[in-house]
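Architecture at a glance
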Amino acid sequence: MIETDICIVGAGPAGLSAAAAAGEAGASVLVVDENFKAGGQLFKQVHKFFGSENHKAGTRGIRIGEQLLDRARKAGAVFRLRTLAYGFFENGVLGLYDMDSQELGLVKAKKYIFATGAIENVLPMKGGTLPGVMGAGAAQTLMHLYHTRPGNEIVMVGSGNVGLIVSYQLMQSGAKIAALVEAAPKISGYEVHARKLLRAGVKMYTSTTVSEIKGEDQVEEVVLTELDSDFKPIPGSEFSVKADTVCVAVGLSPLTELLQMAGCKLYFSKVLGGFVPLHGRNLKTTHDDIYLAGDCSGIEEASTAMEEGRIAGIGASAEIGFGTDKADELIKQAQERLDELRQGPFGDRRKSGMEEIFTEYEKGAWA
Amino acid sequence: MAEKIKLPDGDVIICRCEEITKQEIVDAICEGYLTVNEIRKRTRSGMGFCQGKTCGRIVRQLIARYGGVEESTLTPAHARPPVRPIPSSAFEKGEDLL
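Nothing here was measured: the structure is a model prediction, and the numbers come from that model. (Residues numbered from 1 in each chain as written. Chains lettered and ligands numbered in written order. Predicted model: local features only at pLDDT ≥ 70, side-chain atom pairs only at ≥ 80, totals over all residues.)

1. Notes on the overall build of chain A
Stated formally: Where helices and strands are cited, they refer to DSSP runs of H or I of at least four residues and of E of at least two residues respectively, numbered from the N terminus. Atoms counted for the radius of gyration: C-alpha only. Globule rule: 2.2 Å times residue count to the power 0.38. Each residue is classified by how many other C-beta atoms fall within 10 Å of its C-beta atom, where C-beta atoms are placed from the backbone; a count of 20 or more means buried, 12 or fewer means exposed, and values in between mean partly exposed. We call two residues in contact when their backbone-placed C-beta atoms lie within 7 Å.
Helix and strand content of chain A: nine helices and 19 strands. In terms of overall dimensions, chain A is globule-like: its C-alpha atoms have a radius of gyration of 21 Å, near the 21 Å expected for 367 residues. A buried classification covers 51% of the 367 residues belonging to chain A. Taking as baseline every contact in chain A between residues at least 6 positions apart, the subset at least 24 positions apart corresponds to 65%.

The structure is reproduced here in structure tokens:
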């Protein structure tokens, strides 16, 4: 049995940030991640971050990932990569599977921080199981981690920031964006990203959906249909686009299975991506030894994930006696930065979603 | 039991792992299975390789739409280990080797 003060599942922005904070407080930290590389989504974010200097604006995601990983390592965090956390058991033990040695292991930690992230949403479509249909995040992984261009002529479905940014990255990799399709009447991501694509001549179709993907052994043609104001297809409005790849960027859902297994209560929040574990401002769940951070606490961004990770890392360590002198002050600072990040038209909705969860948690009706 | 609905896009696959179509899921909803767990047991949707990570959300939306159930009450199906596929040979070797 591996024993540690803090065990963190997921080495993305939230997990790394939690590892650095807990390590710096003096706790022994084990970080588990299924990938061959730590950093999670940060290593796919080749673009520069927005916001203020406090939030690493102007720095590319990959550099932020390297800095965080370095900081966590210096703080003494131990990493176990290519290792699956496959289950959480009644006695507070986490089950691991090492994909290289193909052996199982058990961890007993005083506190756990789940930073398991999210999974891309799918869109049920006719022909949607043809090879060449993938999540936009999957396309990003192929490009930035495996240096492979997913296709040559792409239809991007969804105009949120993921759809817009990944489209641009696909163009940088040499692919052509045959069409960017959005069911809503207007582009939903930041204008600065959309304008980059418009300037490059990308055709964007709003109030439009994919009605069918055609092809023999892989994607060859995508049939698009215009939608009316009730999102109903307009008969006779169909038109075809030649493509070999369809990327779907229609949001993410929090990955909460391990937390569910531990008995953490869930709460439904449409704006945060569906069912999320009920948690307080301190990122503690309804389980006394389990914290969470990042997208599994509700879908936001890498910058918010890092602040949440920090709060969880400091809080979990302080609870078992590490860094108690500075904990309150450091958590307060991180919470202030988190509030700053949850501003503006996108942030406000998420902030009210989070506030609703905190209120429900503070009621304590789940106890 | 509600009357069966014939969908124009019924052959669209919702659960890829077990190849369960939209029509099969909506049929089960019309038969009166109105939770994600029940749909899983009735149709095998969500019982495959990915354990419902992909189709769970769509199944929930279908129950809400065709079964008239409030989406916020449709909690995810029970989560059981392993949450990722693991070869059973690993369990033969022992559970505490790392």
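After that view of the structure, there is still more to cover.
2. A closer look at the pairing of strand 17 (residues 266-269) of chain A
Residues and elements named next belong to chain A. This is how it is decided: A pair of strands is labelled paired if DSSP reports no fewer than 2 bridges between them.
Going residue by residue along strand 17, you find Tyr-267 and Ser-269 tucked away on one face and Leu-266 and Phe-268 left uncovered on the opposite face. Pairing geometry for strand 17 and strand 18 (residues 274-277), over four bridges, is antiparallel. Residue pairing in the sheet places Ser-269 in a bridge with Gly-274 of strand 18. Following strand 17, the chain reverses through four residues before pairing antiparallel with strand 18; Gly-273 in that reversal takes a positive phi of roughly 105°.

3. Considering helix 4 (residues 161-172) of chain A
Residues and elements named next belong to chain A. Note the threshold: A helix is expected to span 1.5 Å for every residue after the first.
Over its twelve residues, helix 4 extends 16 Å from the first C-alpha to the last, a length consistent with the 16 Å expected when each residue adds 1.5 Å. Along helix 4, the residues that are buried comprise Val-162, Gly-163, Leu-164, Ile-165, Val-166, Ser-167 and Leu-170. Contact partners of the buried residues in helix 4: helix 3 (136-144), strand 9 (153-157), strand 10 (176-181), helix 5 (191-199) and strand 15 (245-248). At the C-terminal side of helix 4, Gly-174 shows a positive phi close to 105°.

4. Focus on the domain arrangement of chain A
Test applied: Here the bounds of each domain stem from an automatic or database domain assignment.
Per the domain assignment, the segments making up chain A are domain 1 (2-119 + 252-363) and domain 2 (122-248). The partner domain 2 of chain A presents six residues to the four residues of domain 1 of chain A that form the contact.

5. What about the sheet that holds strand 14 (residues 239-242) of chain A?
In any sheet, the strands associate via hydrogen bonds between backbone groups, in a parallel or an antiparallel arrangement. Residue and element names in this part refer to chain A. This is how it is decided: The angle between two axes is taken between their N-to-C directions and runs from 0 to 180 degrees, where each axis is a line fitted to C-alpha atoms and a helix contributes only its stretch in contact.
Pairing within the open sheet is antiparallel, and its three strands lie in the order 12-13-14. Looking at which strands have only one partner, the edges of the open sheet turn out to be strand 12 (208-214) and strand 14. Across this sheet, the average inter-strand angle for adjacent strands is 30°, counted without regard to direction. The pairing of strand 12 with strand 13 (residues 221-226) spans six bridges and is antiparallel. Note that in strand 13 the partner of Ile-213 across the bridge is Val-222.

6. Quick look at the nonpolar core
For clarity, the threshold we go by: Any set of buried Ala, Val, Leu, Ile, Met, Phe, Trp, Tyr and Cys residues joined through C-beta atoms within 7 Å is what this text calls a nonpolar core.
By size, the foremost hydrophobic cluster in this structure holds 77 residues, and its most contacted members are Ile-113 and Leu-292 of chain A. Contacts of Ile-113 of chain A, omitting those with residues within four sequence positions, involve Ile-6, Ile-8, Ala-18, Tyr-291, Leu-292, Ala-293, Ala-312, Gly-313 and Ala-316 of chain A. By size, the runner-up hydrophobic cluster in this structure holds 53 residues, among which are Met-125, Ile-154 and Ala-249 of chain A together with Cys-55 of chain B.

7. A look at the sheet that holds strand 15 of chain A
Residue and element names in this part refer to chain A. With parallel pairing, the five strands of this open sheet are ordered in space as 8-15-9-10-11. The open sheet has two edge strands, strand 8 (133-135) and strand 11 (204-205), and neither has a second partner. By the bridge criterion, three bridges tie strand 8 to strand 15 in an arrangement that is parallel. When the sheet's bridge partners are listed, Gly-135 is paired in strand 15 with Val-248. Contacts from helix 4 reach strand 9, strand 10 and strand 15 within the one sheet, and its direction differs from that of strand 10 by about 170°.

8. Observations concerning unusual backbone geometry
All names here are of chain B. Here Pro-81 and Pro-82 are connected by a cis peptide whose omega angle stands at -5°. By the secondary structure assignment, Pro-82 is in the loop between helix 3 (56-67) and helix 4 (88-93). Positive phi, normally seen in glycine, also occurs at Arg-44, with a value near 75°. Mapped onto the elements of the fold, Arg-44 is located in the loop between helix 2 (36-43) and helix 3.

9. Here we look at the interface of chain A and chain B
Note the cut-off: Note on residue classes: Ala, Val, Leu, Ile, Met, Phe, Trp, Tyr, Cys and Pro are nonpolar, Asp, Glu, Lys and Arg are charged, and everything else, Gly too, is polar.
Every contact between the two is made by 32 residues of chain A and, on the other side, 28 residues of chain B. If you list the elements that add at least two residues to the side of chain A that touches chain B, you get strand 4 (83-89), strand 5 (93-98), strand 6 (103-114), helix 6 (257-261), strand 17 and strand 18 of chain A. Residue classes in the side of chain A that touches chain B are distributed as 17 nonpolar, ten polar and five charged.

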